[in-house]
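Here are the chains, one letter per residue:
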Amino acid sequence: MQAITSRTYGDPSVIRIEELPAPVPESQDLLIRNHATVVSGAESTARSGEDFFARLYFGLMRPRFPILGTSFAGEVQAVGSAVTKYRVGDQVMGSVGPTLGAHAEYVTTSGDGVVSLKPAGLLWTDAVAILDGSLTALPFLRDAADLKAGQSILINGASGAVGTAAVQLARHFGAVVTAVCSTANVELVKSLGADHVIDHTAEDFTQTGLDYDVIFDAVGKSSYTRCRKILRAGGIYMSTVPSLPILTWMLWTAVFGKTRAGIMFTGLRKPASMAADVKFMGNLTTAGHYRPVIDKTYSLTEAPSAHAHVETGHKKGSVVISMPNASSGRQGP
């Protein structure tokens, strides 16, 4: 099989397309012919090695997981003897999580892992784009913030994969949504359901005089220190980017604060919970309450260009890689 690999840390030029043996499923595994995957900020961080916290997990001196990628969408080719929920031919979508490995033509994952049947009308590329940001945004908004109808939420970085997911999910939960993005993305986030949009190139969202129940920093570019003055009593500031300040404030505000700071390590949740979220997002999409946002789609051999585009920091929604010989993924009439 062909796979996208990074055996040393560095810029996108370290990426290689390698011919490797296809993985062999164990008794509890599915072997999936992968048709689409995404290049997210997480893959970029894992490849570059520039973040110290990331290296503690991905490898101090060299990458522990040379095949990149987390999300997949494809067709089951083989099932292990202990698997009962899936059969050969099933179309599925999911995530291999922090051990990576989804940037390949074949992927193995546990039948009890982060996987669910793909809705019949959903394209492969749309399926992986749905999961790209939502598996982060959903637990932050639903679980950490306990977002309720009528509450006010500000989403910083509203045009990326996590941000576009957060805008739509917040609207689905009935919140009043203020989205922060650049000028070029104002119309996009409005189309996703944002009630108000702040162009960060023209205005500082902490200086508008407005306050919020929830501030979700989808890109980790602000801080609790800056944002706490615009949080309502009992409100929470959440960041997706781990750092010593946010971890310290989370502990402090849990005991002493009138407002709170929080972070979640969403990729480390229990597989059953994540699989339920995969199914939830598929159903939400087919019901017409969510739409994937895809900036660009690349071929497998264009993986270095896909990584370079992600590193510009200007992508809208998801950057998708379509695998060789991938069908559309649609089923039925």
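Each residue is numbered by its place in its chain's sequence as written, counting from 1. Reporting of local features is limited, given that this is a predicted model, to residues whose pLDDT is at least 70; pairs of side-chain atoms are given and counted only at 80 or more, and all residues count toward the totals for whole chains, interfaces and linings. Excluded from the side-chain calculation are hydrogens and water; included are all heavy atoms of the structure.

Under the annotation held in an unreviewed UniProt entry, the protein chain carries the name NADPH:quinone reductase-like Zn-dependent oxidoreductase and is attributed to Arthrobacter ginsengisoli.

Moving on, we come to the packing of aromatic side chains. Any two of the Phe, Tyr and Trp rings considered here, Trp counted by its six-membered ring, make a pair once their centres fall within 6.5 Å; the pair's planes then place it as stacked at under 30 degrees, edge-to-face at over 60, or tilted in between. Across all of its chains, the model carries 7 aromatic pairs by this definition. Between tyrosine 224 and tryptophan 249 the ring centres are 5.0 Å apart and the planes differ by 50 degrees, which places this aromatic pair in the tilted class. One end of the pair, tyrosine 224, is in helix α6 (residues 224-227); the other, tryptophan 249, is in helix α7 (residues 244-256), and 25 residues separate them in sequence. The buried label goes to any residue with under 20% of its type's maximum accessible area, the exposed label to any with over 50%, and the partly exposed label to all in between, with areas taken from a 1.4 Å probe on protein chains only. For tryptophan 249, a relative accessible area of 23% gives the class partly exposed. Seen in terms of ring centroids, tryptophan 252 and phenylalanine 256 are 4.5 Å apart; in terms of plane orientation they differ by 40 degrees. Their pairing is tilted. Segments assigned H or I by DSSP are reported as helices when at least four residues long, segments assigned E as strands when at least two residues long, and all are numbered from the N terminus.

The strand order across the open sheet built from 6 strands is β10-β9-β8-β11-β12-β13, with neighbouring strands paired in parallel fashion. Only two strands of the sheet have a single neighbouring strand rather than two, namely β10 (196-199) and β13 (260-262). Between one strand and the next, the sheet's axes are offset by a mean angle of 15 degrees, whatever the strand orientation. Two strands qualify as a pair provided that DSSP identifies no fewer than 2 bridges between them. In this structure, strand β12 (residues 231-239) lies alongside β13, joined through 3 bridges in parallel fashion. Paired with tyrosine 237 across the strands is alanine 261, a residue of β13. Helix-sheet contacts for helix α3 (residues 124-144) involve β8 (152-156), β11 (212-217), β12 and β13, and the interaxial angle to β12 is about 155 degrees. Contacts are assigned to residue pairs with any non-hydrogen atoms lying within 4.5 Å of each other. Only the contacting stretch of a helix is used when fitting its axis, a line to C-alpha atoms as for every element, and angles between N-to-C directions run 0 to 180 degrees. On the sheet, α7 packs against β12 and β13 and is oriented at approximately 135 degrees with respect to β13.

What follows is about a nonpolar patch on the surface. Patch members must show over 30% relative accessible area and no salt bridge, and they are joined within 9 Å when carrying like charges or within 5 Å when they are nonpolar side chains of Val, Leu, Ile, Met, Phe, Trp or Tyr. Where accessible areas are quoted, they stem from the Shrake-Rupley method and a 1.4 Å probe; at the residue level, only the protein chains shown are allowed to cover. Whenever Lys or Arg places a side-chain nitrogen within 4 Å of a carboxyl oxygen from Asp or Glu, that contact is recorded as a salt bridge. A cluster of nonpolar residues, Phe52, Phe53, Leu56, Leu60 and Met61, forms a patch on the protein surface that exposes about 600 Å² of accessible area. Among the structural elements, leucine 56 can be located in helix α2 (residues 52-58).

This brings us to the environment of serine 110. Turning to its location among the elements, serine 110 is positioned in strand β6 (residues 106-110). Using a relative accessible area of 25% as the deciding quantity, one classes serine 110 as partly exposed. Taking the C-alpha atoms as reference points, serine 110 and leucine 31, 79 residues apart in sequence, are found 9.0 Å from one another. Setting aside anything within four residues of it in sequence, one finds serine 110 in contact with Gln28, Asp29 and Val115. Any pair of N or O atoms that falls within 3.5 Å is considered a polar contact. Within protein, one atom must be able to donate a hydrogen and the other to accept it, and sequence-neighbouring residues count only if both atoms are side-chain atoms. Within the local environment of serine 110, its side chain forms a polar contact with the backbone nitrogen of aspartate 112, the two atoms lying 3.1 Å apart.

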